[in-house]
Amino acid sequence: LTLRRLFCCNVSASASASVTPSKKKPLVFLGSPQVSVTVLDALLKSSSSSDSNFEVAAIVTQPPSRRERGRKVYPSPVAQHALDRGFPSDLILTPERAGEEMFLSNLRDLQPELCVTAAYGNILPTKFLKIPPLGTVNVHPSLLPLYRGAAPVQRALQDGVKETGVSLAFTVRALDAGPVIAYERFEVDDQIKAPELLELLFSIGSKLLIRELPSIFDGSAKVKAQPQDDSKVTLAPKLTPEESWLSFEQDATVLHNKVRAFAGWPGTRAKFAVIDETASQCDILEPKIITTRVSSPEKVQNEVDDITFIKGALVIPCGGCSTLEVLELQLPGRKVVTADAFKNGLRGQKLKKL
């Protein structure tokens, strides 16, 4: 609550005192996670140049939240980065919902010409969208209309796409459905994981945004923006912990893509049986699977449920006569280890998949 008051209280009065008369057009940025910082930095850098025609008048982000097992309350990564850069704390707004009347009143007082969003994480109501005369523009990490929704990068990786990209689109009331101003394509490596791909796409998106800002400010972007083809829409719902379990009855490629997609959060988990034949004892392990690759079935020379260790990998037979190699994994409460280190910890015990 203290942090929330720091960011939110008396914004209307503070904004009037903090925003000095300027010929530059006021822009409001909305973003929350670490990947949004790249876009914010690009805007701040561009706005500080001598020939810039805009300024970042305010930053809107998610409220402070508890981390580190609930012991402390921290600002969002965007808020923390802005504070570290010396951005005025009274111009960092953290509404619970973007439809709050006090927040909307404060936003109107700032008189933004344009709003820019990048992974803000809050639904923007019609009352919000009516405030900036030039509209609201979103940096979205997919080639719209593909992968509309909360987890476009993760769902694209889960589907095993070979190409994705980032789109710059006007925001409308429907989810990620606004006209597309511009986009950039990106070839997807079959080993890249979601956190790395997210970072790359938002980096590309920040450059795309800066390139297109002149056309947005002079109004020509609205003329050239292309409506999305609704017949080609695919959805990207948010990930859930319940989806994180791996089933080795599926093809190894499907499992490998899921590991890449769910990296970071919520991660992927598997169940193994550890068998001590000398003591007739069986224990169940539920490690997180961190890094994998797909290999040829020739590596499997064991029973269908047995897991072998070959050249630094746990080799697991999967559905469709396919084989998954686990290169890194993590036991609950432990650090990430290589397959070799995991093997050494077994001390000769046998490993089976479940």
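Residues numbered from 1 in each chain as written. Predicted model: local features only at pLDDT ≥ 70, side-chain atom pairs only at ≥ 80, totals over all residues. Heavy atoms only, no water.

The protein has the name Methionyl-tRNA formyltransferase, mitochondrial in an unreviewed UniProt entry, where Pelargonium dichondrifolium is given as its organism.

The number of helices and strands found in the protein is eleven helices and 18 strands. Projected onto its principal axes, the C-alpha coordinates of the protein cover approximately 80 × 45 × 35 Å. Out of the 354 residues belonging to the protein, those deemed buried represent 47%. Sequence-distant contacts, at least 24 apart, represent 68% of the contacts inside the protein between residues at least 6 apart. Working note: accessible area of the protein is about 17,700 Å², and carbon and sulfur atoms make up 52% of it. Placing the 43 positive and 39 negative side-chain charges of the protein at their respective mean positions leaves the two points 5 Å apart. (Helix = DSSP H or I, 4+ residues; strand = E, 2+ residues; numbered from the N terminus. Buried < 20%, exposed > 50% of the residue type's maximum accessible area, 1.4 Å probe, protein only. Contact = heavy atoms within 4.5 Å. Areas by Shrake-Rupley, 256 points an atom, 1.4 Å probe, with all protein chains shown as cover. Lys, Arg positive; Asp, Glu negative; His and termini not counted. Charge placed at Lys NZ, Arg CZ, Asp CG, Glu CD.)

Attention now goes to the packing of helix 3 (residues 34–47) against helix 4 (residues 77–84). With their axes 8 Å apart at the nearest point, helix 3 and helix 4 run at an angle of 40 degrees to one another. The angle between helix 3 and helix 4 falls in the class oblique. In this structure, helix 3 crosses over helix 4, and the sense of that crossing is right-handed. On helix 4, the residues that touch Gln34, Ser36, Val37, Leu40 and Asp41 of helix 3 are Pro77, Val78, His81 and Ala82. For the contact of helix 3 with helix 4, the residue count by class is five nonpolar, three polar and one charged. (Axes fitted to C-alpha atoms, helices over the stretch in contact; angles between N-to-C directions. Parallel < 35°, antiparallel > 145°, perpendicular 65-115°, else oblique. Left-handed = near helix turned anticlockwise from the far one by under 90°. Nonpolar A, V, L, I, M, F, W, Y, C, P; charged D, E, K, R; others polar.)

Compared with an ideal rise of 1.5 Å per residue, which puts 24 residues at 34 Å, helix 8 (residues 194–217) spans 33 Å between its outermost C-alpha atoms and is within 8% of the ideal. The largest bend along helix 8 reaches roughly 40 degrees and is located at arginine 211, with the proline proline 214 sitting one to four residues downstream. A positive backbone phi angle near 90 degrees is found at glycine 219, which sits one or two residues after helix 8. (Expected span 1.5 Å × (residues − 1). Bend = angle between axes of the 7 residues up to and from the residue.)

With respect to the secondary-structure elements, alanine 79 resides in helix 4. Taking C-alpha positions, alanine 79 is 20 Å from threonine 136, a pair spaced 57 residues apart along the chain. With residues up to four places along the chain from it excluded, the contact list for alanine 79 reads Thr61 and Ile92.

Taken as a whole and judged by the stated rule, the model has three aromatic pairs. On the numbers, 6.3 Å between centres and 15 degrees between planes, the contact of phenylalanine 103 with phenylalanine 128 is stacked. In this pair, phenylalanine 103 sits in helix 5 (residues 101–110) while phenylalanine 128 sits in helix 6 (residues 126–129), placing the two residues 25 residues apart along the sequence. Ring geometry for phenylalanine 248 and phenylalanine 272: centres 6.2 Å apart, planes at 20 degrees, overall stacked. (Phe/Tyr/Trp six-rings, centres within 6.5 Å; stacked < 30°, edge-to-face > 60°.)

Moving on, we get to the pattern of salt bridges. Under the criterion given, the structure shown has twelve salt bridges. Lysine 224 is the partner of glutamate 212 in a salt bridge, and the nearest nitrogen-oxygen pair spans 2.6 Å. With glutamate 212 in helix 8 and lysine 224 in helix 9 (residues 220–224), the pair connects residues that are twelve residues apart, well separated along the chain. Lysine 224 gets classed as partly exposed once you look at its relative accessible area, which sits at 36%. The partner of aspartate 306 in a salt bridge is lysine 352, with the nearest N and O atoms 2.5 Å apart. Remark: lysine 352 occurs in strand 18 (residues 350–353) and aspartate 306 occurs in the loop between strand 13 (288–295) and strand 14 (308–309); sequence separation between them is 46 residues. Given the relative accessible area of 8%, aspartate 306 is considered buried. Each of Glu184, Arg211, Glu212 and Lys224 takes part in a single network of salt bridges with overlapping partners. (Salt bridge = Lys/Arg side-chain N within 4 Å of Asp/Glu carboxyl O.)

Let us now look at the packing of helix 3 against helix 8. Running from amino to carboxyl end, helix 3 crosses helix 8 at an angle of 25 degrees, the nearest separation of the two axes being 8 Å. Here helix 8 runs roughly parallel to helix 3, going by the angle between their axes. Relative to helix 8, the crossing made by helix 3 is right-handed. Contact with helix 3, carried on its side by Val35, Thr38, Val39, Ala42, Leu43 and Ser46, involves Leu198, Glu199, Phe202, Ser203, Ser206, Leu209, Ile210 and Leu213 of helix 8 and no other residues of that element. Classifying every residue of the contact of helix 3 with helix 8 gives nine nonpolar, four polar and one charged.

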